Amino acid sequence: MKLLTAIIKPFKLEEVREALSNIGITGLTVTEVKGFGRQKGHSELYRGAEYNVNFLPKVKIELAINDDMVDEVINILVHTAHTGTMGDGKIFVTQLEHVVRIRTGETDESAL
């Protein structure tokens, strides 16, 4: 089992959710986050004053999946979240050792 964490641009969230739903992904967690990478923020004008925006709004998606779905899910995330501009995001894959569904007590792959 793997935990995929993807950091993407907020306006791509619905497109990503739909694409994942189409392949049978039934659950994910979404968190609104802020951060920066190579794009390092930007300057904006507000009421005539210029100020720096160092942390840009992003969306963090987390989903637990079976090992056999990792490549397919990564492929979908890469293609649907892609805009071709700096700041499209990243995907992190980590090993899940144990999962428990609280309601039923199911464990590991049956809990997904």
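Here goes a summary of the coordinates provided. (Residues numbered from 1 in each chain as written. Predicted model: local features only at pLDDT ≥ 70, side-chain atom pairs only at ≥ 80, totals over all residues. Heavy atoms only, no water.)

Focus: helix 1 (residues 13-22)
Of all the positions in helix 1, only Val 16, Ala 19 and Leu 20 are classed as buried. One face of helix 1 carries all of its buried residues, which in axial projection span an arc of 100 degrees. Those residues of helix 1 hidden inside the fold are in contact with strand 1 (2-8), strand 5 (56-65) and helix 2 (70-81). (Buried < 20%, exposed > 50% of the residue type's maximum accessible area, 1.4 Å probe, protein only. Helix = DSSP H or I, 4+ residues; strand = E, 2+ residues; numbered from the N terminus. Arc of directions from axis to C-beta. Contact = heavy atoms within 4.5 Å.)

Here's the deal with the sheet that holds strand 6 (residues 89-95)
In space, the four strands of this open sheet follow the order 2-5-1-6, with antiparallel pairing throughout. Taken across any chain shown, the strands that pair with only one partner, and hence form the sheet edges, are strand 2 (29-35) and strand 6. Taken over all neighbouring pairs, the strand axes of this sheet differ in orientation by 20 degrees on average, direction set aside. Pairing of strand 1 with strand 5 involves seven bridges; the strand directions are antiparallel. Across the sheet, Ala 6 pairs through a bridge with Ile 61, a residue of strand 5. Lying on the sheet, helix 1 is in contact with strand 1, strand 2 and strand 5; it crosses strand 5 at an angle near 10 degrees. (Pairing = 2+ DSSP bridges. Axes fitted to C-alpha atoms, helices over the stretch in contact; angles between N-to-C directions.)

Thoughts on the nonpolar core
Membership of the largest hydrophobic core comes to 16 residues, with the highest contact counts inside it found for Leu 20, Leu 63 and Val 73. Elements with a contribution of two residues or more to this core: strand 1, helix 1, strand 5 and helix 2. The dominant element in this core, judged by the number of residues it contributes, is helix 2, at five residues. Excluding residues within four positions of it along the chain, Leu 20 makes contact with Ile 25, Leu 28, Leu 63, Val 73, Ile 76 and Leu 77. (Core = buried A, V, L, I, M, F, W, Y, C linked by side-chain atoms within 4.5 Å.)

Examining the pairing of strand 1
In terms of residue burial, strand 1 counts as a mostly covered element, since five of its seven residues are buried. Looking at chain direction, strand 1 and strand 6 are connected through seven bridges and run antiparallel. Bridge assignment links Leu 3 to a residue of strand 6, and that residue is Thr 94.

Here we look at the side chain of Asp 88
Topologically, Asp 88 is positioned in the loop between helix 2 and strand 6. A distance of 2.3 Å separates the side chain of Asp 88 from the side chain of Thr 83, its partner in a polar contact. Looking at Asp 88, its side chain comes within polar contact range of the main-chain nitrogen of Gly 84, at 2.9 Å. (Polar contact = N/O pair within 3.5 Å; in protein donor to acceptor, adjacent residues only side chain to side chain.)

A closer look at the environment of Thr 5
Within the fold, Thr 5 resides in strand 1. Sequence-distant contacts of Thr 5, defined by excluding residues within four places in its chain, comprise Lys 60, Ile 61, Glu 62, Lys 90, Ile 91 and Phe 92.

Notes on the side chain of Lys 58
Here Lys 58 shows up in strand 5. Despite being buried, Lys 58 has no salt bridge partner; Asp 88 is the closest side chain of opposite charge, sitting 7.1 Å away. Side-chain polar atoms of Lys 58 contact the backbone oxygen of Gly 87, separated by 2.7 Å. (Lys, Arg positive; Asp, Glu negative; His and termini not counted. Salt bridge = Lys/Arg side-chain N within 4 Å of Asp/Glu carboxyl O.)

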